[in-house]
Amino acid sequence: MGYKVLAINPGSTSTKLALYDDEHPLLELTLRHTTEEVSRFADIIDQLDWRRGLILEALRDNGFALDRLSAVIGRGGLIRPVPAGVYEVNSRMRHDLRTAQMKHACNLGGLLAAQIAHMAHVKAYIADPPVVDEMDDTARLTGMPMCTRKPIFHALNQKAIARLHCDRAGTVYERSNLIVAHMGGGISVAAHRQGRIVDVNNALDGDGPFAPDRAGSIPSSELIKVCYSGQYSREELLKFVSSKGGLVAYLGTNSVMEVRQRIEAGDERARKMLEAMCYNIAKQIGAMGAALEGKVDGILLTGGIAYNEPVVEYIRSHCSFIAPVTVYPGENELESLAINALVVLRGTIEAKQYL
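Read on for a plain summary of the structure.

Criteria and cut-off values
- Starting afresh in each chain, residues are numbered from 1 along the sequence in its written order.
- Local features in this predicted model are restricted to residues whose pLDDT is 70 or higher, and side-chain atom pairs enter the listing and the counts only when it is 80 or higher, whereas totals over whole chains, interfaces and linings include all residues.
- Excluding hydrogens and water, the side-chain values take into account all heavy atoms of the structure.
- What is meant by a nonpolar core is a set of buried Ala, Val, Leu, Ile, Met, Phe, Trp, Tyr and Cys residues, joined one to another through side-chain atoms within 4.5 Å.
- With a 1.4 Å probe rolled over the protein chains alone, any residue whose accessible area is under 20% of its type maximum counts as buried; one over 50% counts as exposed, and the rest are partly exposed.
- Under the DSSP-based scheme used, a helix requires at least four consecutive residues in state H or I and a strand at least two consecutive residues in state E, with every element numbered from the N terminus.
- Paired strands, in this sense, are two strands between which DSSP finds at least two bridges.
- Note on method: axes are straight lines fitted to C-alpha atoms, helices fitted across the in-contact stretch only, with angles between N-to-C directions ranging 0 to 180 degrees.
- An angle below 35 degrees is treated as roughly parallel, one above 145 as roughly antiparallel, one from 65 to 115 as roughly perpendicular, and anything else as oblique.
- Crossings are sorted by hand: turned counterclockwise from the far helix by less than a right angle, the near helix makes the crossing left-handed, and turned clockwise it makes it right-handed.
- Should any heavy atoms of two residues lie within 4.5 Å, those residues are counted as being in contact.
- Only Asp, Glu, Lys and Arg are considered charged in this grouping, and only Ala, Val, Leu, Ile, Met, Phe, Trp, Tyr, Cys and Pro are considered nonpolar; every other residue, Gly among them, is considered polar.
- Pairing of aromatic side chains requires ring centres within 6.5 Å, counting the rings of Phe and Tyr and the six-membered ring of Trp. Pairs whose planes differ by under 30 degrees are stacked, by over 60 edge-to-face, and all others tilted.
- We call a charge positioned above a ring when the Lys NZ or Arg CZ atom is no farther than 6 Å from the ring centre and deviates by at most 35 degrees from the ring normal.
- A pairing counts as a salt bridge when a side-chain nitrogen of Lys or Arg comes within 4 Å of a carboxyl oxygen of Asp or Glu.

Let us look at the nonpolar core. If you look at the biggest cluster of nonpolar residues, it comprises 38 residues, and the most contacted ones within it are Leu6, Ile55, Leu69, Val72, Met93 and Ile116. Contributions of two or more residues to this core are made by strand 1 (4–10), strand 2 (14–21), strand 3 (24–32), helix 2 (48–61), helix 3 (91–98), helix 4 (107–120) and strand 6 (123–127). If you tally residues by element for this core, the top one is helix 4, at eight residues. Judged by nonpolar contacts, the second largest core, of 36 residues, contains Val198, Leu247, Leu301 and Ile322.

As C-alpha cells, then:
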C-alpha cells in the first residue's frame, strides 16, 4: 500500500482536488462555483467552511474515507515571503492566511488542508507558495525607494515545470539556467539561475506583460493621472490591475480561445490586442535573458495559454534566438502538490517550518 495524498487547489470559481496513491492518481475533480454561490460571502475566507463541506461530500460520493489519508497538501497562499520548499501548516501560517491583506482564493489552500488533515489525524502542508522569494537584491530596486518589486507569481508550477524539463533533458535543475513563462489568467516570466528564481515579475498586481485579466506594467505618470481623475474609486482601480485589466479591459473576455474565434471571424481589434499581449510576453522573456547574462539553456512555456499554437509560435519566432523553446501546456499543480507531499512522507526532505 502506498501513501495516500489529498491535494487541494482552490481558485476563484472552482476548487480542484486530487487523490494520489504514491505517484498514481486515483481521483481528480473540479468542483465549480457559480458567481451567485461565491457572491453570498462577503470575504474569500468566509468561504472556508462551505468549500470544506463540498470537498468532504465529494470524497464521500467517491467512496474515499479520510482515515486512509497519509497527508493533505494545499496550494500556498499570500503569506510572508519565504524560500521555495514544502512547509507544514502551523498556527502562525493559519493566522497569516486568515488575515492576509491581499485577498485571493489561494489563501484557502493551507486552511482547507489543515482542517481536513486534522479530521484525518495526519499533517497538512503547502509547497512553493506564490510568495516564494529568491530574487537578487538588485532585482528588487526601482527608481522610487518607497516602491520595491515583490515577487508574487506561479511559483509552484514554475518550479515543477523547470524540474520536469531538466529530468527529461537529463540535466540538473540546480545547474541549469532557464526562463519559464507561465501563461494563464496572470502571466509570470521568471529567470531560474541554477535552482533559484533570481528575477520574476509580480503577476498579481501590476508588473510585467499584460494578461487575459491583469493590467501588467503601466506608464507611471498615466496611471497617476487616472488615479486622480475622480472617475474611479480605489477599489475599482485595484480591480483593473489584478482582475479587470488586460484582454478583459479591451475585449470584455479573458478567454484566449474566444479572442482567437473573433480573429478568425475578421475582428481586427481582437487580433491587435492578442498580438500586443504576445509581444509583451516575448519582451519580458528577453528581459529575463538579460538577467541571466545571455546564458540560457532553455525557454519553457507553460500554463493554459500554452495550448494556443498561434501564441506559442509568435513567442517562439521572437525568442528562439535566445535559447530553444519547449512547451509544457497546462498547469499540473495538483500533481506537483502531491509529489511535494510524497518527498516529505518518504523522508527525502524535511518540511520547513513557517516562522
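Before going further, it helps to spend a moment on the sheet that holds strand 7 (residues 177–183). The strand order 9-8-7-10-11 describes an open sheet built from five strands, whose pairing is mixed. Strands at the two margins of the open sheet, each flanked by one partner only, are strand 9 (196–200) and strand 11 (325–329). With direction set aside, neighbouring strand axes in the sheet form an average angle of 25 degrees. Taken together, the four bridges between strand 8 (residues 187–193) and strand 9 define a ladder with antiparallel strand orientation.

The next subject is the packing of helix 9 (residues 256–264) against helix 10 (residues 268–291). Relative orientation of the contacting elements helix 9 and helix 10 amounts to 135 degrees, with a least axis distance of 8 Å. As judged from the angle between their axes, helix 9 and helix 10 are oblique. Where helix 9 crosses over helix 10, the handedness of that crossing is left-handed. Within the contact between the two elements, helix 9 uses Val256, Val259, Arg260, Arg262 and Ile263 and helix 10 uses Ala270, Arg271, Leu274 and Met277. Looking at side-chain class alone, the contact of helix 9 with helix 10 contains six nonpolar, no polar and three charged residues.

The subject of this paragraph is the packing of aromatic side chains. Across all of its chains, the model carries three aromatic pairs by this definition. Summarising the aromatic geometry, the rings of Phe210 and Tyr250 are spaced 6.2 Å apart at their centres and angled 45 degrees between planes, so their arrangement reads as tilted. With Phe210 in the loop between strand 9 and helix 6 (220–227) and Tyr250 in helix 8 (residues 246–251), the pair connects residues that are 40 residues apart, well separated along the chain. Over the ring of Trp50 we find Arg40; its NZ or CZ atom is 5.6 Å from the centre of that ring. Lying across the ring of Tyr354, Arg80 places its NZ or CZ 4.5 Å from the centre.

All chains considered together, the criterion is met by 22 salt bridges. Across the pair Arg260 and Glu264 runs a salt bridge, and its minimum N-O distance is 3.5 Å. Within this pair, Arg260 and its partner Glu264 are both found in helix 9, separated by four residues, close to a single helical turn. By relative accessible area, Arg260 is classed as partly exposed at 29%. You can call Glu264 exposed: its relative accessible area is 60%. It is possible to trace a salt-bridge network through shared partners that takes in Asp22, Glu23 and Arg346.

Attention now moves to the side chain of Asn107. Within the element layout of this structure, Asn107 appears in helix 4. Accessibility expressed as a relative area gives 2% for Asn107, which makes it buried. Beyond its immediate sequence surroundings of up to four residues, Asn107 is in contact with Ile45, Gly77, Leu78, Leu97, Ala100 and Met102.

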